[in-house]
Amino acid sequence: NQFNFAWAYQFSDNYWVEALFGSTTVNGYPVTSSQTLISNFTGRFKYSIKAPFYSYVFPYVGFQTIIVSSPDAGKTDDTTNQEEADLELKTIEEIEKTVPIVGVTVLRRLVPGWFLKADIGTDFGSTIINVGFGIEF
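As the structure is a computational prediction, the values presented were derived from the model and not from experiment. (Residues numbered from 1 in each chain as written. Predicted model: local features only at pLDDT ≥ 70, side-chain atom pairs only at ≥ 80, totals over all residues. Heavy atoms only, no water.)

Peer 1: I tried to follow the confidence of the model for the protein chain on my own but got confused; where do I start?
Peer 2: The predicted coordinates ought not to be read in detail in places where the model reports low pLDDT. Per-residue pLDDT for the protein chain has a mean of 87; in total, 93% of the residues score no lower than 70. The lowest-confidence element of the protein chain is helix H1 (residues 82-95), averaging 79 in pLDDT; the highest-confidence one is strand E4 (residues 49-51), averaging 96. (pLDDT = per-residue confidence, 0-100. Helix = DSSP H or I, 4+ residues; strand = E, 2+ residues; numbered from the N terminus.)

See the structure below:
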């Protein structure tokens, strides 16, 4: 699970800009006895389309940057040889990236100002899925 914070601003009719930050700590990855912090920064440009049943559809384009911090990765000790340490570093390098993304956000109004939010997108290598609640003010 990754907790996210999102902020969106409508700068013109139907046009939005959105910024997201997410962070998660993974125990035992890629080194069994360590913690790895994965941070995700995302920027999106959206266009809103009104849908039936108090819903809105937002196709988007943007970018995503993933930063990984694992201080113990790549270190050798009594239980880790150099080959395993190199594999740990390679794994982190594969996760860290800045890539373009495309997708769609669907908002379904529950009550005035409260929304159910679903995102599905891709970075042309993996799928991005996010479900949660949004509050408008």
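Peer 1: Where do I start with unusual backbone geometry in this structure?
Peer 2: A negative phi angle is the norm for most residues apart from glycine, just as the trans form is the norm for most peptide bonds. With phi around 70 degrees, Asn14 is a residue other than glycine that occupies positive phi space. Tracing the backbone through its elements, the reader meets Asn14 in the loop between strand E1 (3-12) and strand E2 (15-27). Positioned with a positive phi, Phe124 is a non-glycine residue whose angle comes to about 65 degrees. Positionally, Phe124 belongs in the loop between strand E7 (114-122) and strand E8 (127-135).

Peer 1: Which parts of the structure should I look at to understand the side chain of Asp123?
Peer 2: Here Asp123 shows up in the loop between E7 and E8. A distance of 3.1 Å separates a polar side-chain atom of Asp123 from the backbone nitrogen of Gly125. Sequence-distant contacts of Asp123, defined by excluding residues within four places in its chain, comprise Gln64, Lys97, Val99, Pro100, Ile101 and Ile128. (Polar contact = N/O pair within 3.5 Å; in protein donor to acceptor, adjacent residues only side chain to side chain. Contact = heavy atoms within 4.5 Å.)

Peer 1: I tried to follow the pattern of salt bridges on my own but got confused; where do I start?
Peer 2: A side chain of one charge can pair with a side chain of the opposite charge when the charged atoms of the two come close. Under the criterion given, the structure shown has five salt bridges. Between Asp119 and Arg44 there is a salt bridge whose closest N-O contact spans 3.3 Å. Taken together, the residues span a long stretch of sequence, with Asp119 in strand E7 and Arg44 in strand E3 (residues 35-47) at a distance of 75 residues. On the basis of relative accessibility, which here comes to 2%, the residue Asp119 falls in the buried class. Classification of Arg44 as buried rests on a relative accessible area of 6%. Each of Glu18, Arg44, Lys46, Lys117 and Asp119 takes part in a single network of salt bridges with overlapping partners. (Salt bridge = Lys/Arg side-chain N within 4 Å of Asp/Glu carboxyl O. Buried < 20%, exposed > 50% of the residue type's maximum accessible area, 1.4 Å probe, protein only.)

Peer 1: Where do I start with the environment of Thr98 in this structure?
Peer 2: Along the chain, Thr98 falls in strand E6 (residues 97-111). For Thr98, a relative accessible area of 56% translates into the label exposed. With 69 residues separating them in the primary sequence, Thr98 and Tyr29 have C-alpha atoms 21 Å apart. Beyond its immediate chain neighbours, meaning those up to four positions away, Thr98 contacts Gln64 and Thr65.

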